[in-house]
Amino acid sequence: MRIGAHVRNSENPLGEAEDLDVDLLQLFLTDPQKWNKPVVGSGLEAVRDSAVDIVVHSSYVINVASLNNRIRIPSRKAVAQQAEVAAEVGALGLVVHGGHVRDGEDPAEGVANWRKLFERQAESGGFAVPIWIENTAGGDFAMARRFDAIARLWDAVGEFGAGFCLDTCHAWAGGEDLVDAVERAKAITGRIDLVHLNNSRDEFDSARDRHANLESGEIEAEVLAAVAAAADAPVMLETPADGMKDDVAYLRSL
Ligand SMILES: [Zn+2]
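All values derive from a computational prediction rather than experimental measurement.

A. The overall build of the protein chain, seen in detail. Scanning the protein chain from N- to C-terminus turns up 9 helices and 10 strands. A compact globule built from 254 residues would reach a C-alpha radius of gyration of about 18 Å, and the protein chain, at 17 Å, matches this within 12%. Dimensions of the protein chain, computed from C-alpha atoms along their principal axes, come out at roughly 45 × 40 × 30 Å. By residue count, 46% of the 254 residues in the protein chain fall in the buried class.

Right, here's the structure in full:
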């Protein structure tokens, strides 16, 4: 099992990888809450030049599905831009949240916007790195909360080679049973490219997105371990930093 860790706001991500004893890191390229251009800082350069592999998590402000031009258009641009910079640092893929339309809007239009993202980019040769769409926890108008919605999304984007990132906290909080989640997700997407292995601070179907360390949330740690084993994909911890070392140790002990 390949184990990685998401590192936030770090001056020295390579040092953190060494400290955590992982050879895979997930990073943001810019402040995830802002529309700033992605930059390759010295910390990221050091990771690029090392044996540690990189996954890039795109900014949270991105919402490719949005019916609002002032969100969707910059979102498209940001995905392309962040994919380009991700390629510059040799990243394995770019994680992008499924996004949502607003309450009362037609989710089918959001799905169509996802398709347009890939269609337009295909005209210029596709994205610079694989795009891995991540399931999210909340909202009734989300593109990738419930698996039936993911199936509709995949009908639209699957042919473009879209990848899938399964977040265990989001699936649980989104109301999807984790016991057979890998099997069901693969039946829809045909693939799992990355697992965001997180416990949840909140109960099943809470729609809340609050990650917990593997042995301290609402999900039984054994269930998380089983997902990690079944997925046959790299596992990325996005758990609270204080307990991350213990999370790595727990996974290694299995
Ligand atoms: Zn995640």
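B. Structural view of the pairing of strand β1 (residues 3-6). Relative to strand β10 (residues 235-237), β1 is paired through 3 bridges, and the arrangement is parallel. The residue bridging I3 from the neighbouring strand is V235, located in β10. Both β1 and strand β2 (residues 24-27) contribute to a ladder of 2 bridges, which runs parallel. Paired with A5 across the two strands is L25, which belongs to β2. For the segment spanning β1, helix α1 (residues 13-20) and β2, crossover handedness is right-handed.

C. Seen up close, the nonpolar core. Core analysis: the biggest nonpolar cluster contains 75 residues, and L94, W114, L153, L166 and V195 have the highest contact counts within it. For this core, the element with the highest residue contribution is helix α5 (residues 147-157), accounting for 7 residues. Ignoring sequence-local partners within four residues, the contact set of L153 consists of G98, V111, W114, M143 and A144.

D. Representation of unusual backbone geometry within the structure. Non-glycine residue D21 carries a positive phi angle of around 60 degrees. Positionally, D21 belongs in the loop between α1 and β2. For D21, a count of 12 C-beta atoms within 10 Å translates into the label exposed.

E. Up close: the pairing of strand β6 (residues 163-167). Along β6, 5 of the 5 residues are buried, which leaves the element largely enclosed by surrounding structure. With burial as the criterion, each face of β6 is covered, one bearing G163, C165 and D167 and the other bearing F164 and L166. As judged from the 3 bridges shared by strand β5 (residues 131-134) and β6, these two strands associate in the parallel manner. Residue E134 lies in a different strand from β6, and its bridge partner there is C165. Regarding topology, α5 serves as the crossover connection from β5 to the parallel β6, and that connection is right-handed. In this sheet, strand β7 (residues 194-196) lies alongside β6 in parallel orientation, the contact comprising 3 bridges.

Reading the values: rules and limits
Residues numbered from 1 in each chain as written. Predicted model: local features only at pLDDT ≥ 70, side-chain atom pairs only at ≥ 80, totals over all residues. Helix = DSSP H or I, 4+ residues; strand = E, 2+ residues; numbered from the N terminus. Rg over C-alpha atoms; globule rule 2.2 N^0.38 Å. Buried ≥ 20, exposed ≤ 12 C-beta atoms within 10 Å, placed from the backbone. Pairing = 2+ DSSP bridges. Right-handed = clockwise from strand over helix to strand, strands pointing away. Core = buried A, V, L, I, M, F, W, Y, C linked by C-beta atoms within 7 Å. Contact = placed C-beta atoms within 7 Å.

Keep in mind these numbers describe shape, not what the thing actually does.
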